[in-house]
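# A structural walkthrough
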Amino acid sequence: MRKFDTKIQHLKYKVLREVARQAWNDTLYDNLLDIPKLIVPGNVPTMRCCVYKERAIVSERVKLAMGGNKENPNVIEVIDIACDECPVGGYEVTNACRGCLAHRCEDVCRFGAITFDSDHAAHIDKSKCKECGQCAKVCPYTAIVSRKRPCQNACKIKAISMNENKAATIDNDKCISCGACVYQCPFGAIMDKSFMLNAVDLLKKSSEGKNYKLYAVVAPSISSQFTYAKLGQVITGIKELGFHTVVEAALGADMVALAESKELAEKGFLTSSCCPAFVEYIHKSFPELEPFVSHNLSPMAAIAKYIKETDENAKVIFIGPCTAKKAEVQKESVKPYVDAALTFEELQALFDSRDIDITSLEQGVLDNASYFGRIFARCGGLSDAVAEGLKEQGLDNFELKSCSCDGIEACRTALIKKSKNLLDANFIEGMACSGGCIGGAGCLTHGAKSKADVDKYGNEAMEKNISDAVAVLK
């Protein structure tokens, strides 16, 4: 039984599956208007006020499943007509207010926004309130709460605001494409664009005998996904789709661990280059720290580059948990090596669009990376790998002081400290998603169990050190 964390994910999956199914059959554009009726059959609404609005929203989901707005460079988009149900009140006084005599909320407010009625209950003047939250902190009854939208709460870099129609809008100058808002929006009004049609096109042409081999590069966090089947069955399923072979992005992580540890020893301070959302955050919010970003490609790009340099007829599709990878593959430094990026959600949709029941398949083998390459998927894994890389290259006289940042808020804290010369660390491992890649917005499942699954997957690697894993590439 396949698992999705939310009904929103399941709805998104159904749209992706149907778009892929039609694309395989070359009937997508002929049946485009029928897809909303397939997803929302009958005349009784199940999610919205009327079935016609439900279908209109599904139509917008279909557009995003087909690549979204080509004029918008961001891979994250808002479906305006789906974004209309959340309160936008900011800080409000609830009926838990007891009309106490202390009036701490009034004393702490520097803007004169707190007043009291005849019953001594507090009220907030929205025209004066600056959303500082000090009143909420001091209220002994926790009677003052913030009514921020889930997407705004999820976006820790403040890239989301409300437009004149009270719909969410994304500031592309701030957004790092991490997808936190995508996962947290309870109405599915924010989605990542899908480039699944590009992948289907590559798969179809490959099966038609075009002169190239199609490689799937899978992220190590795949070990915590598809919990209803065995990992080996997932690998076989990927090949059933038409891929020539499946390669671990973790092998690219091994390559990066050696190169990044050497670069760190040479430069004395470094921030990691593996998480594209973290790198983009530095670019947009801490440009003065850009010189410290590792010059190495991400594990995805590193192994894809190796594949294409080794096989001139190769095409590469990355499969992982990350929406920011969809933005990374559009960068000029990565575009030559990776032809498309898919999430695990999209891989599930591809399986079902071809009626592939992976639980019925034999187990394939995926074993071409080390323990250290595989644990890149969780926070702290990269730092462990860099420490190992220093040791294996005889650079362990360099004292590693790593700062592993679990989520973008922790990244922000570390970067602020570094910018003020207050950070007692010489290596910042930045992971924009909580828990690391295992918390990516494109995961089927999220949770603490994922970390244990990744560590178990790492321990199953035949190669226990990085150098042995990378040696096969020479």
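Remember, it's a predicted structure, so these values are computed and weren't measured experimentally.

### Regarding the overall build of the protein
- Counting secondary structure elements, the protein contains 19 helices and 15 strands.
- Here the C-alpha radius of gyration of the protein, 24 Å, is about what a compact globule of 474 residues would show, namely 23 Å.
- With the C-alpha coordinates of the protein rotated into their principal frame, the extents come out at 80 × 65 × 40 Å.
- Taken over 474 residues, the protein has a buried fraction of 53%.
- In the protein, of all internal contacts separated by at least 6 residues, the share reaching a separation of at least 24 is 74%.

### Overview of the packing of helix α1 (residues 7-24) against helix α8 (residues 196-207)
- Close contact between α1 and α8 brings their axes to 10 Å; oriented N to C, the two are set at 35°. For the crossing formed where α1 meets α8, the hand is right-handed. Packed against α1, whose contacting residues are L16, V19, A20, A23 and W24, the element α8 presents M196, L197, V200, L203 and K204 at the interface.
- Of the residues belonging to the contact of α1 with α8, the class tally is nine nonpolar, no polar and one charged.

### Looking at the state of the cysteines
- By the definition in use, this model includes zero disulfides.
- Free cysteine: C178, not disulfide-bonded; nearest cysteine sulfur from C433 at 5.8 Å.
- C437 takes part in no disulfide bond, and the closest cysteine sulfur to it belongs to C275, at a distance of 6.7 Å.

### Examining the nonpolar core
- Counting 95 residues, the largest nonpolar core has V19, F226 and I238 as its most contacted members.
- In this view, F226 contacts V234, F344, L347, Q348, F351, I358 and L444; residues no more than four positions away in its chain are not counted.
- Judged by nonpolar contacts, the second largest core, of 45 residues, contains I79, C185, Y281 and L423.

Cut-offs and rules
Residues numbered from 1 in each chain as written. Predicted model: local features only at pLDDT ≥ 70, side-chain atom pairs only at ≥ 80, totals over all residues. Heavy atoms only, no water. Helix = DSSP H or I, 4+ residues; strand = E, 2+ residues; numbered from the N terminus. Rg over C-alpha atoms; globule rule 2.2 N^0.38 Å. Buried < 20%, exposed > 50% of the residue type's maximum accessible area, 1.4 Å probe, protein only. Contact = heavy atoms within 4.5 Å. Axes fitted to C-alpha atoms, helices over the stretch in contact; angles between N-to-C directions. Left-handed = near helix turned anticlockwise from the far one by under 90°. Nonpolar A, V, L, I, M, F, W, Y, C, P; charged D, E, K, R; others polar. Disulfide = S-S within 2.5 Å. Core = buried A, V, L, I, M, F, W, Y, C linked by side-chain atoms within 4.5 Å.

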